[in-house]
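Per-entry structural report
Here are the chains, one letter per residue:
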Amino acid sequence: MTPLPESLVPGRHSIDRRAFVQLAATFGLSLSLPGLAAKAPAEPLSPDELSLVGEVSELIIPTTDTGGALAAGVPDFVRMMLSDWFTTAERENFIAGMHEFSAGALEKYGKKFAELATSQKDQYFGELLSKAEGGESSPRTPFVVLMKRLTIFGYYTSELGATTELRQHIATAQYEPAAVVKPGDRADSGLTGARYWFDAG
Amino acid sequence: MANYDFDAIVIGSGISGGWAAKELTEKGLKVLLLERGRSISPADYVGEHKPAWQFPFRQLGDRKRYERDYPVQSTCYAFGEPTEQFWVKDSEHPYGQDPARPFRWIRGFHLGGKSLMWGRTTPRWGPINFEENKRDGHGVDWPIRYEDIRPWYDHVEEFIGVSGQTEYDSPFAPVGRFQPGMLMNACETFVADSIRKKFPGRRLTIAPSAILTKPLHGRQPCHYCGPCERGCSTGSFFSSISSTLPAARATGNLTTITDSVVVGLDYDPKSRKVAGVRVVDRNTRAGKRYSGRLVFLNAATLASTQILLNSTSETFPNGIGNRSGVLGHYLMDHPYLTVSAVIPGMLDKYTIGNRPAGVWMPRFHNVEGQTAPFLRGFSYEASASRANWTDGVSMPGYGAALKQRLREYGPWTFGFYGFLECLPYRDNTLTLDPVRKDQWGMPILNTRFEWGKNERALAKQLVSDAAEMLKSAGATDISLPPDELPPGGFGIHEVGTARMGRDPATSFLNGHNQSHEVANLFVTDGSCMPSVAAQNPSLTFMALTARAANYAVEQMKAGAV
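Each residue is numbered by its place in its chain's sequence as written, counting from 1. For this description, chains carry letters from A and ligands carry numbers from 1, given in the order in which they are written. Confidence filtering applies because this is a predicted model: local features only for residues at pLDDT of at least 70, side-chain atom pairs given and counted only at 80 or more, and all residues used for totals across whole chains, interfaces and linings. Based on all heavy atoms of the structure, the side-chain values leave hydrogens and waters out of the count.

**Comments concerning the overall build of chain B**
Note the cut-off: Only runs of H or I of at least four residues qualify as helices and only runs of E of at least two qualify as strands under DSSP, and these elements are numbered from the N terminus. Using C-alpha atoms as the atom set, the radius of gyration is obtained and then compared with a globule rule of 2.2 Å times the number of residues to the power 0.38. Think of it in three bands: with a 1.4 Å probe and only protein chains considered, a residue is buried below 20% of the maximum accessible area for its type, exposed above 50%, and partly exposed in between. Note on contacts: a residue pair qualifies if any of its non-hydrogen atoms lie within 4.5 Å across the two residues. Computed by Shrake-Rupley with a 1.4 Å probe, the accessible areas treat only the displayed protein chains as cover when residues are assessed. The convention is simple: Lys and Arg are positive, Asp and Glu are negative, and His and the chain ends are not counted. One atom stands in for each charge, and that atom is NZ of Lys, CZ of Arg, CG of Asp or CD of Glu.
Each helix and strand in chain B was counted, giving ten helices and 20 strands. On C-alpha atoms alone, chain B measures out to a radius of gyration of 23 Å, which is about the 24 Å that the 2.2 N^0.38 rule sets for 561 residues. Taken along its principal axes, the extent of the C-alpha atoms in chain B is 80 × 55 × 45 Å. Buried residues in chain B amount to 66% of all 561 residues. Of all intrachain contacts in chain B linking residues separated by at least 6 positions in sequence, the fraction that spans at least 24 positions is 72%. A total of about 18,900 Å² of accessible surface is found on chain B, and carbon and sulfur atoms cover 50% of it. Averaging the locations of the 62 positively and 56 negatively charged side chains of chain B gives two centres separated by 2 Å.

**Things to note about the overall build of chain A**
Scanning chain A from terminus to terminus reveals seven helices and one strand. Classification of the 201 residues of chain A by burial places 49% in the buried group. Summed over all atoms, the accessible surface of chain A reaches about 9,400 Å², with 53% contributed by carbon and sulfur.

**Notes on the side chain of B:Glu35**
Residue and element names in this part refer to chain B. Here is the rule: Pairs of N or O atoms within 3.5 Å make up the polar contacts considered here, provided that, within protein, one atom can donate a hydrogen while the other can accept it, and that residues adjacent in sequence are counted only when both atoms are side-chain atoms.
As for its placement among the helices and strands, Glu 35 is situated in the loop between strand S2 (31-34) and helix H2 (63-69). A distance of 3.3 Å separates a polar atom in the side chain of Glu 35 from the backbone nitrogen of His 110. Dropping the residues within four chain positions of it, Glu 35 is found in contact with Gly 12, Ser 13, Phe 109, His 110, Leu 111, Ile 257, Thr 258, Asp 259 and Ser 260.

**Quick look at the packing of aromatic side chains**
Quick reminder of the rule: Under the pairing criterion, centres of Phe, Tyr and Trp rings, with the six-membered ring standing for Trp, must be within 6.5 Å; the plane angle then separates stacked pairs below 30 degrees from edge-to-face pairs above 60, leaving the rest tilted.
With the rule as written, the count across this model stands at 37 aromatic pairs over all chains. Judged by centre distance (5.1 Å) and plane angle (50°), the ring pair of B:Tyr70 and B:Phe79 falls under tilted. Taking the relative accessible area as the measure of exposure, B:Phe79 reaches 7% and is therefore buried. Following the ring pairs from residue to residue traces out a cluster consisting of A:Phe86, A:Phe94, A:Phe101, A:Tyr109, A:Phe113, A:Tyr124 and A:Phe143.

**Comments concerning the pairing of strand S13 (residues 349-352) of chain B**
In plain terms, the rule: DSSP calls a pair of strands paired once it identifies at least 2 bridges connecting them.
A one-sided burial pattern is seen for S13(B), the buried positions being B:Tyr350 and B:Ile352 and the unburied ones B:Lys349 and B:Thr351. Summarising the sheet, strand S1 (residues 176-180) of chain A and S13(B) pair through three bridges and their orientation is antiparallel. Across the sheet, A:Ala179 pairs through a bridge with B:Tyr350, a residue of S13(B).

**Things to note about the sheet that holds strand S1 (residues 6-11) of chain B**
Residues and elements named next belong to chain B. Our working rule: Axis definition: a line fitted to C-alpha atoms, over the contacting stretch in the case of helices. Angles run 0 to 180 degrees between N-to-C directions.
On the basis of which strands lie adjacent, the open sheet formed by five strands has the order S7-S2-S1-S11-S20 and parallel pairing. Of all strands in the sheet, those bounded by a partner on one side alone are strand S7 (254-257) and strand S20 (521-523). Strand-to-strand twist of the sheet, defined as the mean angle between neighbouring strand axes without regard to direction, takes the value 20°. In terms of strand pairing, strand S11 (residues 292-297) meets S20 through three bridges, oriented parallel. Note that in S20 the partner of Val 295 across the bridge is Leu 521.

**Examining the interface of chain A and chain B**
This is how it is decided: Put simply, buried area is how much 1.4 Å-probe accessible surface two parts lose in total, over both of them, once they are put together. Whenever Lys or Arg places a side-chain nitrogen within 4 Å of a carboxyl oxygen from Asp or Glu, that contact is recorded as a salt bridge. Any residue outside Ala, Val, Leu, Ile, Met, Phe, Trp, Tyr, Cys, Pro, Asp, Glu, Lys and Arg is labelled polar, Gly included; the first ten of those are nonpolar and the last four are charged.
The interface of chain A with chain B comprises 83 residues on the first partner and 69 residues on the second. Summed over both partners, the interface of chain A with chain B buries about 6,700 Å², with 61% contributed by carbon and sulfur atoms. On inspection of chain A and its partner chain B, the count reaches three salt bridges. For B:Arg63, the salt bridge identified is with A:Glu90, shortest N-O distance 2.8 Å. If you look at where chain A meets chain B, you find 31 residue pairs in polar contact (both at pLDDT 80 or more). Elements represented by at least two residues in the side of chain A that touches chain B include exactly helix H1 (17-26), helix H2 (47-60), helix H3 (74-85), helix H4 (88-109), helix H5 (118-133), helix H6 (143-156), helix H7 (159-165) and S1 of chain A. Residue composition of the side of chain A that touches chain B, grouped by class: 42 nonpolar, 24 polar and 17 charged.

**Re the pattern of salt bridges**
Residue and element names in this part refer to chain B. This model, assessed by the stated rule, comprises 49 salt bridges over all chains. Between Asp 141 and Arg 502 there is a salt bridge; the shortest N-O distance is 2.9 Å. Separated by 361 residues along the polypeptide, Asp 141 in the loop between helix H3 (127-136) and helix H4 (146-160) and Arg 502 in the loop between strand S19 (476-479) and S20 bring together distant segments of the chain. Residue classification places Asp 141 among the buried positions, given a relative accessible area of 14%. Between Arg 456 and Glu 484 there is a salt bridge whose closest N-O contact spans 3.9 Å. Linking Arg 456 in helix H9 (residues 453-472) with Glu 484 in the loop between S19 and S20, this pair joins segments that are 28 residues apart in sequence. On the basis of relative accessible area, Glu 484 is assigned to the exposed category, the value being 58%. Connected via shared salt-bridge partners are Arg 124, Glu 147, Arg 150, Asp 154, Glu 157, Glu 158 and Arg 177.

**Re the side chain of B:Asp141**
Residues and elements named next belong to chain B. At a separation of 3.0 Å, a polar atom in the side chain of Asp 141 contacts the side chain of Arg 145. Among the polar contacts listed, one links the side chain of Asp 141 to the side chain of Arg 502, at a separation of 2.9 Å. Discounting residues that sit within four places of it in the chain, Asp 141 has contacts with Phe 130, Asn 133, Lys 134, Gly 501 and Arg 502.

**Let's talk about the environment of A:Gly97**
Residues and elements named next belong to chain A. In this structure, Gly 97 sits in helix H4. In this structure Gly 97 comes out as buried when scored by relative accessible area, which is 8%. Considering only alpha carbons, one finds Gly 97 and Val 144, 47 residues apart in sequence, at a separation of 8.2 Å. The residues contacting Gly 97, other than those within four sequence positions of it, are Arg 140 and Phe 143.

**What to know about the packing of H2(A) against H5(A)**
Residues and elements named next belong to chain A. Stated precisely, the cut-off is as follows: Every angle not falling under 35 degrees, over 145, or within 65 to 115 is termed oblique; those three ranges are roughly parallel, roughly antiparallel and roughly perpendicular.
The interhelical angle for the contact between H2 and H5, taken along N-to-C directions, is 80°, at an axis separation of 11 Å. Taken together, H2 and H5 sit at an angle that is classed as roughly perpendicular. Each of Glu 55, Val 56, Leu 59 and Ile 60 in H2 lies in contact with H5, whose residues at this interface are Lys 121, Asp 122 and Phe 125. Looking at the contact of H2 with H5, its residues break down into four nonpolar, no polar and three charged.

**A few points about the confidence of the model for chain B**
Here is the rule we go by: The pLDDT value tells you how sure the predictor is about a given residue, anywhere from 0 up to 100.
Of the residues in chain B, 100% have a pLDDT of 70 or more, and the chain-wide mean is 97. Taken over the whole predicted complex, pTM reads 0.93, whereas the ipTM for its chain interfaces reads 0.93.

**Regarding the state of the cysteines**
All names here are of chain B. Put simply, the rule is: Here, two cysteine sulfur atoms that lie within 2.5 Å of each other are counted as a disulfide.
Tallied over the entire structure, the rule returns zero disulfides over all chains. This cysteine, Cys 76, is not joined by any disulfide, and Cys 228 carries the nearest cysteine sulfur, 14 Å off. With a relative accessible area of 6%, Cys 76 lands in the buried category. The closest cysteine sulfur to the non-disulfide-bonded Cys 232 is located on Cys 228, 6.5 Å from its own sulfur. Relative accessible area serves as the criterion here: at 12%, Cys 232 is assigned to the buried category.

**Topic: the environment of B:Pro171**
Residue and element names in this part refer to chain B. Within the secondary structure layout, Pro 171 lies in the loop between strand S4 (163-164) and strand S5 (179-180). Separated by 137 residues in the primary sequence, Pro 171 and Leu 34 have C-alpha atoms spaced 38 Å apart. Dropping the residues within four chain positions of it, Pro 171 is found in contact with Gly 126, Pro 127, Ile 128 and Val 367.

**Here we look at the sheet that holds strand S17 (residues 429-437) of chain B**
Residue and element names in this part refer to chain B. Spatially, S3-S18-S17 is the arrangement adopted by the three strands of the open sheet, whose pairing is mixed. Where the open sheet ends on each side, the last strands, each with one partner, are strand S3 (96-97) and S17. Sitting on the sheet, helix H7 (residues 301-309) touches S17 and strand S18 (443-448), and the angle it makes with S17 is about 60°.

**Topic: unusual backbone geometry**
Excluding glycine, a negative phi dihedral is what most residues carry, and trans is how most peptide bonds are arranged. Residue and element names in this part refer to chain B. A positive phi angle, close to 65°, is found at Arg 376, a residue other than glycine. Here Arg 376 shows up in the loop between strand S14 (359-361) and strand S15 (378-386). Judged by relative accessible area, which is 0%, Arg 376 ranks as buried. Positive phi, close to 65°, is recorded for Asn 513, a residue that is not glycine. Looking at the element boundaries, Asn 513 is found in the loop between S19 and S20.

Next comes the structure, spelled out in structure tokens:
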């Protein structure tokens, strides 16, 4: 039998062993719950890797007339997701993809990604993303796609993204069912806009 | 005459229990309200108005903890990082599911119960809903008709505050005592008009909702923040906390004891009454017994049934009052099916504010007798909104162009959330586990639930009708739900396991929600319902509760109870 989540260990809640097995079956729990038993590393990314994540996130949502991914703290968000939210398998996939991404840059340009010219970084990332989004099949979700998901989510749920880049109406007192969009109006980021299941796999 | 601790004991403080407490205290009875969970006050609404970046997981929640402690509860649409404090930990409150016939038991154990997280859509049931069991022979005949409950709908709507439209009086959602309805947005109005032109019998209107648009009893009108389930400091939506419990408290007749788990009712064969209510302290596990002249059981369908089944005696070895053997059978719920699409156009319009009331379309099949190839029908809840940044993940590209695109509103998307009437089947059951007990000594409740042939036929029709209606509004990108129906329980409209009826041989309660066998026992939550209709059930069991309380007090004063 695979390791059990601690709170389901028989005896913890006056449930006998048989009850536990039934309980687990009952909830349709996969008893292995991949990734739950293994303790996540306190620091999933080295300083170099964190800076790579930052550079890539800024390519996805750059600074324009408002701050971009770096200003919104996306790298910290990615670090939190990797260590506290991703399963072990998902985290390992992300890290492997990141290593592949780095190795690919070195192979293609003979330089580390961090040392590339801005235009080269853009070209390299852009080509990989376009391949991934063009439907090229891949045994696992590519690093560039995971980074795009993480960056968009992390940026638009940050205070900068939700209230400066977009706007947020929280308690308007009135409801306007057919307000007119004026030129330059920014979309509402929504108090519950983030309530969907993030796909890390 | 026996000496009672209280005139009445109400078990459970949710939607129906709050109503029982209010009505009984207002009629002068000294009432004990027992709640198994902790106390709640508006100070517990910690997620209200809180933006994503103030949550550790940006509202995604602690996924690993949820998988461990909330595997069932976290499947509820309203569960999440801003609201998780309102759900029970499945890991601490086990129940049984038949693996092939699963049932999702969504629960909130705290003062106010699920009234804090409920959906707030409150259509009345129409005359046909109370007659249909008799008409097609499924389930027992309701012992009441619309005219019996109509004044109690009035009474409940006026007190809780229901906002709704009054122009269209559907036989499946009669117009009630409504505050002004909230407004449909530009896209919803367009879709409603398009449907009406092509399908004259189908009307999409703002849903009757237990959310205020005018002040009422010190509660404020809605301020349009949106997610009511996080709690509402202005008391704008109906909950026990905002509405019935303050009223009950104001009488000076209410004693509330929280953290008290009711484990059984003691039967006295001499008086043919409940002699005592046995509780276990949630924290200390200490046992205690209270007596009341009347007992109102309002723990919500599954928990009330569990308590009744666990109240055995020589007279009632299969659960108190269960001479008929129907207790724990005929469990019903509503499967919800989503059909959504993009509605082109109206790109110059958006909404300001987050309206917490949906729009809805009452049932339109089998209105004038049995005309469709299936029995009964379905209703739709619905809503439209402009797409936002969350679409960015599926848009190609990156960089400044993507950022600019997400700065602007996306297209209008419209969703139908249809739900259909489930027939009462004897084999959809709740039983007590013969061996396993929870940490309070209560036998674990086992569930077994499956949909039947009629539900599958209704589901097919529901999906194709929704798609047709969306097409009439020029929809693109129509997305259909999976063919397989979701498990029972997701509708959170579970009812039927201690049903009312005319015949004591085939029903548990009489036409006043009183046990056929035990004179002082009343059950007025969803478990009392002999059918589930294709409307949301809460308003109806609130009205049944007020009606039963009135009857019980009359009977008590006449010396009959």
